[in-house]
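Observations on the model geometry
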Amino acid sequence: MDNTAPIPSIDYDTIVIGGGIAGVSIAYELAEHQSVAVVERESTLAYHTTGRSAATFLESYGNATVRALTRASRDFFVAPPEFVDGPLVADLPLLIVAEEAEVETLRALHEAVNGGPTHSGTIELIDGAAAEALNPMLRPGYTDLAMVDFGSLELDVHGLHQGFLRGFRRRGGEVLKSAGIVGARRERSAWVLTDAQGDELRTRNVVNAAGAWCDEVAELFGAAPIGIRPLRRTAFMVSGPRELPAGFSASRRTMTMSASEDFYFKPDGASFLCSPADETLQEPADAKPDDLEIARAIERLNEASLLGVRSVATSWAGLRSFTADRTPVIGADPTVDGFYWFAGQGGYGIQMAPALARAGAGLTLHGELPADLTGIGLSASVLSASRAALAA
Ligand SMILES: Cc1cc2nc3c(=O)[nH]c(=O)nc-3n(C[C@H](O)[C@H](O)[C@H](O)COP(=O)(O)OP(=O)(O)OC[C@H]3O[C@@H](n4cnc5c(N)ncnc54)[C@H](O)[C@@H]3O)c2cc1C
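Residues numbered from 1 in each chain as written. Predicted model: local features only at pLDDT ≥ 70, side-chain atom pairs only at ≥ 80, totals over all residues. Heavy atoms only, no water.

1. Quick word on the environment of Ser 25
Which entries qualify depends on this criterion: By the criteria applied, helices consist of DSSP H or I runs no shorter than four residues and strands consist of E runs no shorter than two, each listed in order from the N terminus. Burial status follows relative accessibility: with a 1.4 Å probe on protein chains alone, a residue under 20% of its type maximum counts as buried, one over 50% as exposed, and anything between as partly exposed. The contact rule is simple, with two residues in contact once any of their heavy atoms fall within 4.5 Å.
Structurally, Ser 25 is set in helix α1 (residues 21-30). Look at Ser 25 and you get buried, because its relative accessible area is 1%. Placed 341 residues apart in sequence, Ser 25 and His 366 show a C-alpha to C-alpha distance of 18 Å. When near neighbours in sequence (up to four residues on either side) are disregarded, Ser 25 contacts Phe 164, Phe 342, Ala 353 and Ala 357.

2. A few points about the domain arrangement of the protein
Where interface size is quoted, it is often the accessible area lost as the parts come together. Inclusion rule: Domain start and stop points were drawn from an automatic or database domain assignment. We define buried area as the total accessible area lost by two parts upon association, computed with a 1.4 Å probe and summed across both. A side-chain nitrogen of Lys or Arg and a carboxyl oxygen of Asp or Glu constitute a salt bridge if their distance falls within 4 Å. Under the rule applied, a polar contact is a pair of N or O atoms within 3.5 Å (in protein, one hydrogen donor and one hydrogen acceptor; residues adjacent in sequence only if both atoms are side-chain atoms). When residues are sorted by character, Ala, Val, Leu, Ile, Met, Phe, Trp, Tyr, Cys and Pro go into the nonpolar class, Asp, Glu, Lys and Arg into the charged class, and all the rest, Gly among them, into the polar class.
Per the domain assignment, the segments of the protein are domain 1 (12-51 + 158-225 + 324-391) and domain 2 (93-151 + 229-322). Taking only C-alpha atoms into account, the centre of domain 1 sits 31 Å from that of domain 2. Together, the buried faces of domain 1 and domain 2 total about 1100 Å²; carbon and sulfur atoms form 55% of this surface. Linking Glu 279 and Arg 326 is a salt bridge whose minimum nitrogen-to-oxygen distance equals 2.7 Å. Taken together, the links from domain 1 to domain 2 amount to four residue pairs in polar contact (both at pLDDT 80 or more). Residues that form the side of domain 1 that touches domain 2 fall into these classes: five nonpolar, seven polar and two charged.

3. As for the packing of α1 against helix α6 (residues 157-170)
Our working definition: Angles shown run from 0 to 180 degrees and are taken between the N-to-C directions of axes, each axis being a line fitted to C-alpha atoms and, for helices, limited to the stretch in contact. Handedness of each helix crossing follows the sense of rotation of the near helix against the far helix: counterclockwise by less than a right angle gives left-handed, clockwise gives right-handed.
Orientation of α1 relative to α6, taken along the N-to-C sense of each, is 35 degrees, at an axis distance of 8 Å. With respect to the hand of their crossing, α1 and α6 are arranged in left-handed fashion. The residues of α6 that touch α1, namely those facing Ile 21, Val 24, Ser 25, Ala 27 and Tyr 28, are Leu 160, His 161, Phe 164, Leu 165, Gly 167 and Phe 168. By residue class, the composition of the contact of α1 with α6 is eight nonpolar, three polar and no charged.

4. What about the packing of aromatic side chains?
Rules: Two rings from Phe, Tyr or Trp (for Trp, the six-membered ring) form a pair when their centres sit within 6.5 Å of each other. Planes less than 30 degrees apart are called stacked, planes more than 60 degrees apart edge-to-face, and all others tilted. When the NZ atom of lysine or the CZ atom of arginine is within 6 Å of a ring's centre and also within 35 degrees of its normal, the charge is said to sit over that ring.
Enumeration over the complete set of coordinates arrives at 12 aromatic pairs. Note on Phe 265 and Phe 272: the rings are 6.5 Å apart at their centroids and 55 degrees apart in plane angle, and the pair reads as tilted. Judged by its relative accessible area of 1%, Phe 265 falls in the buried class. By relative accessible area, Phe 272 is classed as buried at 3%. Clustering of aromatic rings is evident, with ring pairs tying together Tyr 28, Phe 57, Phe 76, Phe 77, Phe 83 and Phe 164. The lysine or arginine in question, Arg 41, covers the ring of Trp 213, its NZ or CZ lying 4.8 Å from the ring centre. We note Arg 52 situated over the ring of Tyr 47; from NZ or CZ to the ring centre the distance is 5.1 Å.

Structural data, given as structure tokens:
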């Protein structure tokens, strides 16, 4: 290396790669302290997984770290800062229903998530009749036991993403679209990034918020992969039955999921959003819905509910990108200078976004988590790219 070469001038302190919810949320936090740009390969932001979610906030979902980060995000959603056009939430209790064979699975879930610092609402085990009263769209007699989490919410994902973007721009942040990063080289203490048009961008630090592509991006910088697994999930819309069951009201809604997580559905206007809750490993790409998974879900939904699904109005799919321990990877790469991770958001990247962005900024800027997050039991090592659990 030629140490006599002049240090190249820097365009930004930090470049964040990826313009989904991960990229814009951490960029907003970093821009309070630094000059920051978000670079996105697509011509629009949030085109991939962020634009394809089920838009729910479920404190009972995911492992203990995910649940803690979700819980720590609640206040932001319920009372968003002024740069976000609120409201971002509506009540949407989570109802997890178990047939006889799933009852033990549900009891174990209830045991794991009920109470403790990672949950704010009321969680109850209820019988089938009470579940049917909460969601009259359930087929009478289907449910043996159910768990209801009254603290769950529906989120305005577009409002959240736009809010972070607005806040970021107000702090002087810049967004470069149609700017896929295809190369990187180290010049003294700076990174020089090349985009697909051959343009170069110089930065001190890089944050990898590239979702399903995070290991491909790491390779450009000479960083070891974290073993990301992009798992496709399909979703589709159906119209409701011609005759709504007695007691059903569009204003008293639930997110209803099976205890083995092999289907879920929630009302969406006059229609219903449904999913087979599939997890099929695939290469990072513009994910497409899987017709066989949709057929499987229709069968399960018609067993469990009175939806009477015959046809699908629209369908889509997105990649939920998981690490081996289903926990995000945040902070400095263990070997590559100036390269930071913000990846592995899995199926929870929206509901964790406010707290995760603060965690990411703390670890990127100071190598430490904010005090309120360590106070609820989170630690940098659980999120680190060098943790042993990633090798599993
Ligand atoms: C069907 C479905 C339902 C879901 N439901 C929920 C839910 O209810 N609640 C919840 O919290 N989460 C949910 N999720 C998960 C959530 O959507 C994700 O965790 C979150 O969107 C991940 O955001 P991201 O920014 O990491 O990824 P993305 O939104 O995929 O963003 C990554 C971006 O990086 C860009 N990129 C990649 N490589 C490069 C490069 N070389 N140069 C420049 N840009 C690059 C990509 O173009 C992409 O825009 C759901 C997901 C799916 C698919």
